[in-house]
Amino acid sequence: MSRTEAMLAVFLLAPLAAGCASLHSDAPAAAGSTAQQGEGGLPTVAAAAAGLETRSGLLDLHIDPIAGKLLLELPPPGPDGVVGEYLYVEGLLTGLGSNPVGLDRGQLGETRLVRLRREGRKVLIEEPNLRFRALSDDPAEAKAVAESFATSVLWGGEVAALDPDGRALVDLTGFVVRDAHGVARQLAATGQGSFELDTARSAVDFSACLAFPDNLELEALLTFAGREPGEQVRATAPHPEAITLVQHHSLVRLPGPGYEPRVLDPRGGFFGISFLDYAVPLDQPMERLWLSRHRLHKVRPGADPSPVVEPIVYYVDPGTPEPVRSALVEGAAWWAEAFERAGFQDAFRVELLPPGAHPLDVRYNVIQWVHRSTRGWSYGGGVIDPRSGEIVKGHVSLGSLRVRQDIRIFEGLLGAEETGRGGPADPVALALARIRQLSAHEVGHTLGLAHNFAASTYGRASVMDYPHPLVAVGEDGELDVSSVYATGVGEWDVHAVRYAYADLAPEALDRLLREGAAEGLLFLSDADARPAAAAHPLANLWDNGEDVVAGLRDVMRVRELALARFGERNIAPGQPLAFLQETLAPVYLYHRYQTEAAAKVIAGMEYGYALRGDGTPAARFVSGDAQRQALDSLLAALEPAVLDLPEGVLGLLLPRPFPYRGNRELFPSQTGLVFDALGAAGVAADLVLRPLLEPERLQRVVDFHRRDPSLPSLEEVLDRLLGAVFAEERGEPERRQEIRRLVQKLSVDRLVRVAADEDTAYPVRSRVEGALAELLAQLRRFPGPDGAERAHRATMVRDLDRYLELRQWDEEQLVEPLEAPPGSPIGGLACGAGGGW
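It should be emphasised that the depicted structure is a prediction, and the values quoted were computed from it without experimental measurement. (Residues numbered from 1 in each chain as written. Predicted model: local features only at pLDDT ≥ 70, side-chain atom pairs only at ≥ 80, totals over all residues. Heavy atoms only, no water.)

## Remarks on the overall build of the protein
Reasoning step 1: If you tally the helices and strands in the protein, you get 26 helices and 27 strands.
Reasoning step 2: For the protein, with 837 residues in total, the buried portion stands at 52%.
Reasoning step 3: When contacts within the protein are restricted to residue pairs at least 6 apart in sequence, long-range pairs at least 24 apart make up 74% of them.
Reasoning step 4: Here the protein has roughly 37,000 Å² of accessible surface; of this, 54% comes from carbon and sulfur atoms.
Reasoning step 5: Put simply, the protein has 82 plus and 116 minus side-chain charges, and the middle of one group is 2 Å from the middle of the other. (Helix = DSSP H or I, 4+ residues; strand = E, 2+ residues; numbered from the N terminus. Buried < 20%, exposed > 50% of the residue type's maximum accessible area, 1.4 Å probe, protein only. Contact = heavy atoms within 4.5 Å. Areas by Shrake-Rupley, 256 points an atom, 1.4 Å probe, with all protein chains shown as cover. Lys, Arg positive; Asp, Glu negative; His and termini not counted. Charge placed at Lys NZ, Arg CZ, Asp CG, Glu CD.)

Shown next, in the form of structure tokens:
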């Protein structure tokens, strides 16, 4: 019977049924009528749910597919109207497939504590405010704080049935079919157009609404309608004006007793939760920091390895193809060693996700394989109890295209002859080594570990650093990739797991952290490494070695050798030669990350996360000799001979053939379809100029020289920069003179930007303008010979005069280098930890 026929039958039979009831109005019928009547004129729960499919679990679900409704049965509320408290997390089962937009398959939202409360005929889902608390045994004190800060009601619905004892039924459809993940907001924020949820094209997926004893898993098909969709939407959605995604909701029983929050020590390398505690004594800080970790109990106490009650098990997405799947399993399983050395035997396992298991089900820690139209971020996150910091579910999302980019990098360095053959120089094998490390890295985040961007400076000591491939030039003059990536967790990882998971008293934890610092286990994280003007020379992304300047020299040797041999051998037979452009980009810019690291030596300062009395040395300046060596290496990277590409290489960089289109992995071009060699040189030059001339770094140069005259002054740095880029090389061929002129213009315009920026500190502005004034006078004295050099110098004179003398300048008149092809990550954009503040 169709739905229309069923509704017609109900309509026709209803009067007959009513008539029969009136004809047989005896006692049994009256009793039946009473059973149908609930409180306040509403039907009882049993009556409203009659004939519906019931799925019993944490809370019972009643499915009404004809009406398209999902009904939730609620137990009687307490005296305060609260039915119960639960953890709630929403996410996306399916994604848009665009890294820049960020709406990915398996993406989870923030974990929230919610309370279900009934007020009359309304059911509210309310999020209490956990940022402000009173950890006190005095109920009045806790109440005073709770009433001082707002809560947030996330949703409200009408009671559909009500029993005399308070048991109720609420239509939960509106809660499930809503933009809980903020899809429309994210699309607008990323410039993809104005979209809104179209409820007419959205519905609950009843087949995916499941009830388990400790959790409910709910899903809905959501369609977002919009006009003038952005480029990323047009590139990924079949009909750009209608984006349909599957949204997932989890309602989870609160974790039971037995978990003890652990105070987060900044030396320990974990992320966590923070809140203000208004019940602390006046002589103590209000902010409390608790680290995030899984619950893990030992059967018997002691430091020796012993079994655990419930091991932490991670499940790999079976949709991951081989051989990547095995690499993910192997890499994630490295953490078993860290737990065993921390005192837990058989505490960590990795398996394939069982058939039928839902990857967003909170009962499973999952490593999920995510596809996008371009390479992009990988994430380690999960479900974290916001009350305590306990990790309830770890969830890793790995971008599938990063392994292909790694293959491209190694084909660019080594050639494509060995690709897929399984030898030690096989780009596929080398990329799989990277994937093992990536799997361990992201799982590390879901265990609670933060990035440690100093670990690569003391023996590749952590998978929580970003690993640049360690390629060397061997004694035979060949590229050596025998140690390209580390295998297994490092000493920092073991130390961090012991700190977070070992059953140690606070005094023992402090002693452990002191011992780690004494052994040289330095921890520095994102805030020390990511800012363009970061100061610590050992906190870097994608670097190698304890001496970053020596590392830059090593990287430049690898780059030089790879470019000298670059040619047809760097792509597979039968591929268009134009594909060499994608392969060239990461080789030509192979030094980009080590350049950033070397720039941090300039006005660099070494420090640690010290606590009073822990014996950590005071901050100290990087020596003047080291800073000058770093400056030498950076200026060497600006030489035209370094920036120029061999003619034999340029002749192979053909325009894209029909029907291939351009992509984001290519250098932009101001020469039409032809490869823009000068534009690429400008990109590489700016790798040096941008970090070196960061205004905050230059202000540190001024301040540090004031405090220690042995350190370079800003006058010295500017003189050496301008002296290097304006040096005249006798006999330099015209092809390199043109690159030198480009570097000169980029350097001058970068300095003008620094001086003209209203946020630049006065000591920097005055010195930069002084250096530019001296340069202007020099250019006026020596206008250059006829031709390109004279025109170039005349333009710089005009621009500098406009800025320095007339104070009239236009940002559009300054030369801006082309945008570099995406770099970080090497093999995918840098990961994001699923926790933090």
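The discussion continues.
## Description of the packing of helix α22 (residues 695-707) against helix α25 (residues 762-781)
Reasoning step 1: Between α22 and α25, the shortest axis-to-axis distance is 9 Å and the interhelical angle comes to 90°. Regarding the angle of α22 to α25, the classification is roughly perpendicular. Residue-level contacts link Pro695, Leu698, Gln699 and Val702 of α22 to Pro763, Val764 and Arg767 of α25.
Reasoning step 2: Counted by class, the contact of α22 with α25 contains five nonpolar, one polar and one charged residues. (Axes fitted to C-alpha atoms, helices over the stretch in contact; angles between N-to-C directions. Parallel < 35°, antiparallel > 145°, perpendicular 65-115°, else oblique. Nonpolar A, V, L, I, M, F, W, Y, C, P; charged D, E, K, R; others polar.)

## Description of the nonpolar core
Within soluble globular proteins, side chains that are nonpolar generally end up buried alongside one another.
Reasoning step 1: If you look at the biggest cluster of nonpolar residues, it comprises 96 residues, and the most contacted ones within it are Leu413, Leu584, Tyr588, Leu638 and Leu800.
Reasoning step 2: Apart from the residues within four sequence positions on either side, Leu638 is in contact with Leu643, Ala685, Val688, Leu689, Leu721, Val725 and Val743.
Reasoning step 3: Among the nonpolar cores identified, the runner-up in size contains 53 residues, and Ile367, Val396, Ile435 and Leu521 belong to it. (Core = buried A, V, L, I, M, F, W, Y, C linked by side-chain atoms within 4.5 Å.)

## So, the sheet that holds strand β16 (residues 287-291)
Where strands meet in a sheet, backbone hydrogen bonds hold them as pairs that are either parallel or antiparallel.
Reasoning step 1: Taken in spatial order, the three strands of this open sheet run β7-β15-β16, and their pairing is mixed. Every interior strand has two partners, whereas the edge strands, β7 (132-133) and β16, have only one.
Reasoning step 2: Sheet topology note: the β7/strand β15 (residues 272-277) ladder contains two bridges and is parallel. From the neighbouring strand, Arg133 faces β15, where its bridge partner is Asp277. (Pairing = 2+ DSSP bridges.)

## So, the packing of aromatic side chains
What characterises a pair of aromatic rings is the spacing of the ring centres plus the angle enclosed by the ring planes.
Reasoning step 1: Summed over all chains, the structure comprises 21 aromatic pairs.
Reasoning step 2: Consider the rings of Trp155 and Phe175, whose centres lie 5.7 Å apart with planes at 65°: the pair is edge-to-face. Placement of Trp155 in strand β8 (residues 152-162) and of Phe175 in helix α5 (residues 173-176) is noted, with a sequence separation of 20 residues between them.
Reasoning step 3: For Trp155, a relative accessible area of 12% puts it in the buried group.
Reasoning step 4: Given the relative accessible area of 4%, Phe175 is considered buried.
Reasoning step 5: With a centroid separation of 6.4 Å and an interplanar angle of 65°, the aromatic rings of Phe270 and Tyr501 are classed as edge-to-face. With a gap of 231 residues between them, Phe270 in the loop between β14 (242-253) and β15 and Tyr501 in helix α12 (residues 491-501) connect regions that are remote in the sequence. (Phe/Tyr/Trp six-rings, centres within 6.5 Å; stacked < 30°, edge-to-face > 60°.)

## Some thoughts on the environment of Leu800
Reasoning step 1: As for its placement among the helices and strands, Leu800 is situated in helix α26 (residues 788-804).
Reasoning step 2: Excluding its chain neighbours within four sequence positions, the residues that come into contact with Leu800 are Val748, Val752, Leu772, Leu775, Leu776, Leu779 and Glu805.

## Remarks on the pairing of β15
Reasoning step 1: Where β15 meets β16, five bridges bridge the pair, whose relative direction is antiparallel. By the bridge assignment, Leu276 is partnered in β16 with Glu287.

## Focus: empty space enclosed by the protein
Reasoning step 1: For the structure on display, the rule yields seven cavities of 30 Å³ or more.
Reasoning step 2: Within this model, the second largest cavity holds a volume of roughly 140 Å³.
Reasoning step 3: Lining the second largest cavity are 13 residues, with Gln437, Arg460, Ser462, Pro467 and Ala486 sitting closest to its centre. (1 Å grid on protein atoms, 1.4 Å probe; cavity = no way out; pocket = protein on both sides within 12 Å on 5 of 7 lines; lining within 4 Å. Points joined across faces, edges and corners; volume = space filled by probe spheres on them.)

## Quick look at the confidence of the model for the protein
Reasoning step 1: Taken residue by residue, the protein gives an average pLDDT of 91. The fraction at 70 or more is 93%.
Reasoning step 2: Of the regions scoring below 50 in pLDDT, residues 1-34 engages in four contacts with residues more than four places distant in sequence or in other chains.
Reasoning step 3: Low pLDDT (under 50) marks residues 826-837, which in the prediction has 56 contacts with non-local residues, meaning those over four places away or in another chain. (pLDDT = per-residue confidence, 0-100.)

## Here we look at unusual backbone geometry
Reasoning step 1: Cis geometry marks the peptide bond from Glu322 to Pro323, where omega comes out at 5°.
Reasoning step 2: With respect to the helices and strands, Pro323 occurs in the loop between β18 (312-316) and α8 (324-332).
Reasoning step 3: For the peptide bond that leads from Phe658 to Pro659, omega is 5°, which places it in the cis range.
Reasoning step 4: In this structure, Pro659 sits in the loop between α20 (647-650) and α21 (677-692).

## So, the packing of helix α17 (residues 592-599) against α21
Reasoning step 1: At a minimum axis distance of 9 Å, the contact between α17 and α21 shows a crossing angle of 25°. It follows that α17 is roughly parallel to α21 by the angle criterion. Crossing of α17 over α21 shows right-handed handedness. Listed contacts from α21 to Arg592, Thr595 and Ala599 of α17 are Leu687, Val688, Pro691 and Leu692.
Reasoning step 2: Looking at the contact of α17 with α21 residue by residue, the classes come out as five nonpolar, one polar and one charged. (Left-handed = near helix turned anticlockwise from the far one by under 90°.)

## So, α12
Reasoning step 1: By the criterion of burial, α12 is predominantly enclosed, with nine of the 11 residues buried.
Reasoning step 2: For α12, every residue scored as buried is listed here: Trp492, Asp493, Val494, His495, Ala496, Val497, Tyr499, Ala500 and Tyr501.
Reasoning step 3: Here the buried face of α12 lies against β16, β17 (293-294), β18, α9 (335-341) and α13 (506-518).

## Some thoughts on the pattern of salt bridges
Reasoning step 1: In total, this model carries 57 salt bridges according to the counting rule given.
Reasoning step 2: Residue Arg201 pairs with Asp198 through a salt bridge whose shortest N-O separation is 2.7 Å.
Reasoning step 3: The exposure class assigned to Arg201 is partly exposed, which follows from its relative accessible area of 41%.
Reasoning step 4: Arg620 serves as the salt-bridge partner of Glu606, at 3.1 Å between the closest nitrogen and oxygen. One end of the pair, Glu606, is in strand β25 (residues 605-606); the other, Arg620, is in strand β26 (residues 620-621), and 14 residues separate them in sequence.
Reasoning step 5: Exposure remark for Glu606: the relative accessible area of 23% places this residue in the partly exposed category.
Reasoning step 6: By relative accessible area, which is 44% here, Arg620 ends up partly exposed.
Reasoning step 7: Counted as one network, the salt bridges with shared partners bring together Glu728, Glu734, Glu738, Arg741, Glu789 and Arg793. (Salt bridge = Lys/Arg side-chain N within 4 Å of Asp/Glu carboxyl O.)

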